[in-house]
Amino acid sequence: MNWLNIDRALFLAINSFVGKVAVFDSLMRLVVNEYFVPVSLALIVLYLWFAPRKNRQTQRKTLPLAALSVGLVDVIVTFSNQFIIRERPFQELAAKLLFYKPTDPSFPSNAAAVSFAIATAIFIANKKLGIVAIILAVVYGFSRVYAGVHYPSDVVVGSLLGVFGVLLVRRFKKLIQISTELIQKIQTKTNLDVNS
Amino acid sequence: MEFNYLLDYFLFTFVASFGAIQIALSKKYSARTLFGAFLVISAYWWFFASRNRNVHTIVEGTQLFFVFSFSTVLAIVATKIFTGAGERK
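All values derive from a computational prediction rather than experimental measurement.

A.B. asks: Teacher, can you tell me more about the overall build of chain A here?
C.D. replies: Broken down by element type, chain A carries 10 helices and zero strands. Reading the helices (α) and strands (β) of chain A from amino to carboxyl end gives α-α-α-α-α-α-α-α-α-α. Taking the principal axes of the C-alpha coordinates as reference, chain A spans close to 55 × 40 × 25 Å. For chain A, buried positions account for 45% of its 196 residues. Here the analysis covers contacts within chain A between residues at least 6 apart in sequence; of these, 77% occur between residues at least 24 apart.

A.B. asks: I'm lost on the overall build of chain B in this one. Help?
C.D. replies: A count of helical and extended segments in chain B gives three helices and zero strands. Beginning at the N terminus, the succession of helices and strands in chain B can be written as α-α-α. Once the C-alpha set of chain B is aligned to its principal axes, its extents read approximately 45 × 20 × 20 Å. Of all 89 residues assigned to chain B, the portion counted as buried reaches 31%. The long-range share in chain B, meaning contacts at least 24 apart out of those at least 6 apart in sequence, stands at 69%.

A.B. asks: For this particular structure, what's the right way to read the nonpolar core?
C.D. replies: Generally speaking, a soluble globular protein has its nonpolar side chains buried in company with each other. Core analysis: the largest hydrophobic core is formed by 75 residues, its most contacted members being V45, A117, I118, I122 and A133 of chain A. Mapped by element, the contributors of at least two residues to this core are helix 3 (36-50), helix 5 (62-83), helix 7 (110-125), helix 8 (127-146) and helix 9 (152-170) of chain A together with helix 1 (2-25), helix 2 (31-50) and helix 3 (61-88) of chain B. The leading source of residues in this core is helix 3 of chain A, at 13 residues. The contacts of I122 of chain A, once residues within four sequence positions are left out, are I44, V45, L48, T62, L129, G130 and A133 of chain A.

A.B. asks: I'm lost on the packing of helix 8 of chain A against helix 9 of chain A in this one. Help?
C.D. replies: The relative placement of two packed helices is expressed as an angle between their axes plus a distance between the axes. Residue and element names in this part refer to chain A. Look at helix 8 against helix 9: their axes get within 9 Å of each other, and the N-to-C directions meet at 155°. Judged by the angle between their axes, helix 8 and helix 9 are roughly antiparallel. For helix 8 against helix 9, the interelement crossing comes out right-handed. Mapping the contact onto sequence places G141, R144 and V145 in helix 8 and P152, V155 and S159 in helix 9. Here the contact of helix 8 with helix 9 is built from residues that sort into three nonpolar, two polar and one charged.

A.B. asks: Where do I start with the interface of chain A and chain B in this structure?
C.D. replies: Interface size is commonly expressed as the accessible area that is lost once the parts come together. At the junction of the two partners, chain A supplies 17 residues and chain B supplies 22 residues. With six residues, helix 3 of chain A is the largest single contributor of residues to the side of chain A that touches chain B. For the side of chain A that touches chain B, a count of residues per class yields 14 nonpolar, one polar and two charged.

A.B. asks: Where do I start with the environment of W3 of chain A in this structure?
C.D. replies: As for its placement among the helices and strands, W3 of chain A is situated in helix 1 (residues 3-15). The class of W3 of chain A is exposed, set by 8 C-beta atoms lying within 10 Å.

A.B. asks: Mind showing me how you'd approach the confidence of the model for chain B here?
C.D. replies: Low pLDDT means the predicted atomic positions in that stretch should not be read closely. Residues and elements named next belong to chain B. When pLDDT is averaged across chain B, the result is 90; 94% of the residues are at 70 or more. In the model of chain B, helix 3 stands out as the element of lowest mean pLDDT, 88, in contrast to helix 2, which has the highest, 96. Reported for the predicted complex are a pTM of 0.94 and an ipTM of 0.94.

A.B. asks: Please explain helix 8 of chain A as it appears in this structure.
C.D. replies: Helical periodicity: at 3.6 residues per turn, an α-helix aligns residues three or four positions apart in one direction. If you check helix 8 of chain A, its first and last C-alpha atoms are 28 Å apart, about what 20 residues at 1.5 Å a residue would give, namely 28 Å. Following helix 8 of chain A by one or two positions, G148 of chain A has its phi on the positive side, about 95°.

A.B. asks: It is not clear to me how the environment of R53 of chain B should be interpreted in this structure. Could you clarify?
C.D. replies: All names here are of chain B. With respect to the helices and strands, R53 occurs in the loop between helix 2 and helix 3. Residue R53 is classed as buried on the basis of its C-beta count, with 20 C-beta atoms lying within 10 Å. Separated by 48 residues in the primary sequence, R53 and Y5 place their C-alpha atoms 9.2 Å from one another.

A.B. asks: Explanation requested: the packing of helix 3 of chain A against helix 8 of chain A in the structure shown.
C.D. replies: Residue and element names in this part refer to chain A. Between helix 3 and helix 8, whose axes approach to 10 Å, the crossing angle comes to 170°. Between helix 3 and helix 8, the angle is such that the two are roughly antiparallel. As helix 3 runs across helix 8, the sense of the crossing is left-handed. Residues V37, S40, L41 and I44 of helix 3 form the contact with helix 8, whose own contacting residues are L129, A133, L136, A137 and Y140. Its residues assigned to classes, the contact of helix 3 with helix 8 shows eight nonpolar, one polar and no charged.

A.B. asks: Help me understand the environment of A78 of chain B, please; the structure alone is not making it clear to me.
C.D. replies: For A78 of chain B, the position within the fold is in helix 3. In this structure, the C-alpha to C-alpha distance between A78 of chain B and K27 of chain B, residues 51 residues apart in sequence, is 19 Å.

So, how was this worked out
- Residues numbered from 1 in each chain as written.
- Chains lettered and ligands numbered in written order.
- Predicted model: local features only at pLDDT ≥ 70, side-chain atom pairs only at ≥ 80, totals over all residues.
- Helix = DSSP H or I, 4+ residues; strand = E, 2+ residues; numbered from the N terminus.
- Buried ≥ 20, exposed ≤ 12 C-beta atoms within 10 Å, placed from the backbone.
- Contact = placed C-beta atoms within 7 Å.
- Core = buried A, V, L, I, M, F, W, Y, C linked by C-beta atoms within 7 Å.
- Axes fitted to C-alpha atoms, helices over the stretch in contact; angles between N-to-C directions.
- Parallel < 35°, antiparallel > 145°, perpendicular 65-115°, else oblique.
- Left-handed = near helix turned anticlockwise from the far one by under 90°.
- Nonpolar A, V, L, I, M, F, W, Y, C, P; charged D, E, K, R; others polar.
- pLDDT = per-residue confidence, 0-100.
- Expected span 1.5 Å × (residues − 1).

In structure tokens, the structure reads:
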């Protein structure tokens, strides 16, 4: 049994629960789309920008760190999609679908990459909110498998891509600092600094 | 159809962002915190209860990013107005 078979077996095991517990199906339907988790994570980043804390500058760096990391992982996934074209599980297996049929390649999961990139950036700045963000990203990744649109390995690799994307971007301290100051300058110049 | 979808998304993110900013700027457990939480919950409730959001649209992630950014800027402007009105009272 190679890893692809294990991946398929794991997918079928998770997806087989669809239709068994109505409340769980509804919960997965709520979080599986492009809105619930991404917007929630973006709102946490927004909160960190405005919340007055002792380590405000560290918190504010979350915004450029998350944005640049999402940009990076998005480019990597788009590039990867040109060469690695893996079909979606519902195209290959008898999957129960809770979501529409995406047309782009399954591997790696862009949704997992983006959500883990934002969640990791939040975790670096604020451990409590970071744990909430990581839980949201994990639930989001799981829901993509449960709903029949990704294999578990798509989500695992996407998640790792998101985490390592942030760790890589974080090394460019000067870029993060300049970006943070630039956003603050724009905010001040346009008279939109609501903290003052 | 797509325009309506983007409009829904804009309203959702505008109200939720406005609420999140109120929570961020409030003192712990003040009326402003409750007001912000009410706005965030209401925005989610309305957006997800009003229509099935698990349907395919031609709206892309980049468009959603720009709509979110625009609605956040407007939420900051609204906060300035809201705070200014509160201080004048």
